[in-house]
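Survey of secondary and tertiary structure
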Number of protein chains: 2
Amino acid sequence: MDQRSYNQFCATARTLDLVGERWTLLLIRELLTGPKRFGELQNCLRGLGTGLLAARLKHLEREGLIERGTLPPPARTPAYALTAAGRDLEPAILALARWGMTWAMGQPRDDESFEPGWVMLGLKACFDPRAAQRLHAVYEFRIDDDAFYVRIDAGAIEVVHGPAQHPDAVITTTEELFREIAAGRATLGEAFTDGTASATGKPETIRRLAGLFRVPPARARTAAPTP
Amino acid sequence: MDQRSYNQFCATARTLDLVGERWTLLLIRELLTGPKRFGELQNCLRGLGTGLLAARLKHLEREGLIERGTLPPPARTPAYALTAAGRDLEPAILALARWGMTWAMGQPRDDESFEPGWVMLGLKACFDPRAAQRLHAVYEFRIDDDAFYVRIDAGAIEVVHGPAQHPDAVITTTEELFREIAAGRATLGEAFTDGTASATGKPETIRRLAGLFRVPPARARTAAPTP
DNA sequence: CGGCATCCATTTTGATACTG
DNA sequence: CAGTATCAAAATGGATGCCG
């Protein structure tokens, strides 16, 4: 599982030697929004068996991409978190996500699973720092029984799985809307208008939210003439 | 080979469904610097058998990421080129490369193969558009028997495998130097000084070259405290 | 629940031989 | 060369069962 290397002295190949195996990048994707426990990971990653999950976690820990630790004091249960090296994979994963938004999303198939966190990460991938100049705000998203918070700080964005401490605005909506957003059939702005999402908090903070993200238009993957 | 899907309605997962299999991203990496033939691909990708290469090419063609065509008129031999969708994977591949430069390069192992093109792509990944303001120039790199050209156009960079038509400057050097650059033990600037690389052409164009790239410093992948 | 071990059916892969 | 055919060796997935 890690003795199979491409044997190329190339930055891309070396990276794929470490994280190119099946499930690995998706596992890291899950940890991008905060530490998760074994069972949580298994829930998000249907089809990944316990054995393979344990092997992948061990491999990533040995390679210094994740750390096994325990959640904040009250809960003494083990959890996995990204190290600095692991966190630094975020730009690559968001780049893959942007590609997927453009070229591969279309309609959900009915055998596909879905997590609101994937859309939260998608929003992050579409975040436009220039649209967030001078904005400092914490948003809390409540999607059915899931919660995320988004902290915007002068062109930087942070997305974390879990409720916020002192949100400036709270957005309440459904997983169904998030599915529609992922399919490109809805936007946050429209959702506020047609009532599929509601918000409480500082009006100005709410007003700026929808403009922070530039969703790339979907395109079809048909052979294109070389320019 | 394509019936194995993650079955997630997620942009990242959908992308990996298409290009996440072994060898696929490296294959696309090879095509980022221009069309290549079956045999050329096989040469760069030691360990990838002909059967699997053929299968991958067929899959990528069917999915609209590459096109099978023939090289420019004189040679009537088949070659594979990226479509617009395939080319659009470049940001993701360069992001993976940047990660590898930072966290995974170190020294070459002696069982690793090496291609100068991988370093050319590494340079592209380190290109700093702001350092190239107002610069319009075509550089030709001659690395032993390989050639690449690099066109800089006001903050944009293009890297193509093959000789240039009318280069403003020609850089001549060895594969050995490129290996050292990949290992972070040499830079273009030093190479001009110590004579391991030589350049002919417009002095001002040559002078600006080394400053166009910001190579990220290498870091060790040891468990880091979460900030 | 967290996590590892084991067994087994199915895929993927790697390596090589072979054909136009 | 470009690509198919073939076969052995891994990797995967699913279903357990076990132990703290």
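Residues numbered from 1 in each chain as written. Chains lettered and ligands numbered in written order. Predicted model: local features only at pLDDT ≥ 70, side-chain atom pairs only at ≥ 80, totals over all residues. Heavy atoms only, no water.

The subject of this paragraph is the relation of the copies chain A and chain B. Related by rotation about an axis and a shift along that axis, the two copies of the chain form a pair. Expressed as a screw operation, the relation of chain A to chain B combines 0.0 Å of axial shift with a rotation of 180°, fitting to an RMSD of 0.0 Å. Classification of the inter-copy transformation places it as that of a two-fold axis. Proximity to the rotation axis, assessed at the C-alpha, singles out Ala92 of chain A in chain A; its C-alpha lies 2.7 Å from the axis. Both copies contact each other with a shared surface, as 100% of the interface residues of chain A are interface residues in chain B too. (Least-squares fit on C-alpha atoms with pLDDT ≥ 70 in both. Contact = heavy atoms within 4.5 Å.)

Moving on, we come to the protein's contact with DNA strand D. Neighbouring DNA strand D are 17 residues; Arg22 and Trp23 of chain A together with Gly39, Thr50 and Arg68 of chain B lie closest to it. At 2.7 Å, a side-chain N or O of Arg56 of chain A approaches a phosphate oxygen of DNA strand D. At 2.8 Å, a side-chain N or O of Tyr80 of chain B approaches a phosphate oxygen of DNA strand D. Every element with two or more residues in the surface near DNA strand D is listed here: helix 4 (50-62) of chain A together with helix 3 (38-44) and helix 4 (50-62) of chain B. Looking at which element gives the most residues to the surface near DNA strand D, the answer is helix 4 of chain B, with three residues. The residue makeup of the surface near DNA strand D, split by class, is six nonpolar, four polar and seven charged. (Near = heavy atom within 4 Å. Polar contact = N/O pair within 3.5 Å; in protein donor to acceptor, adjacent residues only side chain to side chain. Helix = DSSP H or I, 4+ residues; strand = E, 2+ residues; numbered from the N terminus. Nonpolar A, V, L, I, M, F, W, Y, C, P; charged D, E, K, R; others polar.)

The next point concerns the pairing of strand 5 (residues 156-161) of chain B. All names here are of chain B. Both strand 4 (residues 146-153) and strand 5 contribute to a ladder of six bridges, which runs antiparallel. Its bridge partner being in strand 5, Arg151 is matched across the sheet by Glu158. What sits between strand 4 and strand 5 in their antiparallel hairpin is a turn of two residues, with Ala154 showing a positive phi close to 50°. (Pairing = 2+ DSSP bridges.)

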